[in-house]
Amino acid sequence: MRKLDSKNVAIVAALCLVSSSALAGGRPDGSSRDWFGFISGGYAFADGKLGDIVDDDWTIGGGAMYWPSEWPVGISIEAAWVDFDFSNAALNALNDAIDADPNNSGSVTGGGAQTWQLGVNGTWSLGEASANGFYLTGGVGWYHVDASLTQDGLVYYPPVCSPWYWWCLPGGVGPGTFLVGSETSDNFGWNLGLGYSFRTSSGQVFVEAKYVQIQTSNENSEYIPLTIGFRW
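A quick note: this is a predicted structure, and the numbers were derived from the prediction, not measured.

(A) Spotlight on the confidence of the model for the protein chain. Put simply, the protein chain has an average pLDDT of 84, and 85% of its residues get 70 or more. With pLDDT under 50 throughout, residues 10–22 is counted as low confidence; its partners more than four residues away or in other chains account for 10 contacts.

(B) Seen up close, the pairing of strand β9 (residues 204–214). Counting buried positions over the 11 residues of β9 gives 8, a clear majority of the element. Pairing analysis gives 9 bridges linking β9 to strand β10 (residues 221–231), with the strands arranged antiparallel. Residue pairing in the sheet places V212 in a bridge with Y223 of β10.

(C) Looking closely at the pairing of strand β1 (residues 35–47). Bridge count for β1 against strand β2 (residues 57–66) is 10 bridges, and the pairing is antiparallel. When the sheet's bridge partners are listed, G41 is paired in β2 with I60. With 10 bridges connecting them, β1 and β10 associate as antiparallel partners. Bridge assignment links A44 to a residue of β10, and that residue is P225.

(D) Spatial organisation of the side chain of D56. Note on placement: D56 falls in the loop between β1 and β2. Judged by its relative accessible area of 11%, D56 is buried. Only 3.0 Å separates the side chain of D56 from the backbone nitrogen of A46, close enough to count as a polar contact.

(E) Structural context of the pattern of salt bridges. Counted by the stated rule, this structure contains 3 salt bridges. A salt bridge links E208 to R231; its shortest N-O distance comes to 3.4 Å. Placement of the pair is E208 in strand β9 and R231 in strand β10, with a sequence separation of 23 residues. Owing to a relative accessible area of 2%, R231 belongs among the buried residues under this scheme.

Criteria and thresholds
- Residues numbered from 1 in each chain as written.
- Predicted model: local features only at pLDDT ≥ 70, side-chain atom pairs only at ≥ 80, totals over all residues.
- Heavy atoms only, no water.
- pLDDT = per-residue confidence, 0-100.
- Contact = heavy atoms within 4.5 Å.
- Buried < 20%, exposed > 50% of the residue type's maximum accessible area, 1.4 Å probe, protein only.
- Helix = DSSP H or I, 4+ residues; strand = E, 2+ residues; numbered from the N terminus.
- Pairing = 2+ DSSP bridges.
- Polar contact = N/O pair within 3.5 Å; in protein donor to acceptor, adjacent residues only side chain to side chain.
- Salt bridge = Lys/Arg side-chain N within 4 Å of Asp/Glu carboxyl O.

As structure tokens, then:
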């Protein structure tokens, strides 16, 4: 699948804003309410150096939005998760490095990097408030990154017996996965994006594209989640 980059997202966002005459969206209908919940899911496209070592993958998220009707900006508390798998090219390069080192042996067959995000975002309507239309969003957050490398092999499984019924599942040897290396880090990150919202009878559907940058050591990690969600 072709990688997206931050320049492409910026160009698309600018064209959409210039060509659209829609009212600014972002806030669901309901002038008597200040708080709204939301959930979202979609696909995360790895960008930059991160795109060289992982494959694109799914992402999910959700949270709560505080947006009084008289405010042009809403504030959201968001949590999101994405699980990137290491690409075959990255695993092959790592195995080549292991083979070339006389002090190492074995191989790796899988692994990836999970990212957990907890952040605060602002959502800005660009004109007259409406449940339908474009909006901008951006914010900062804490990102917990958990990376691991695994190896396939044979594993012994002990028998499992039920304490309530007179039966057991026999144990034995079968295929399994071993953890051969892992690393975790907590990092600062930020995001900036564009969304479009649609009014429904029970809430609001929205589509968002964001550019996310995590301040990881040595090299920043960048990806672009493209998601669809629901606010109520």
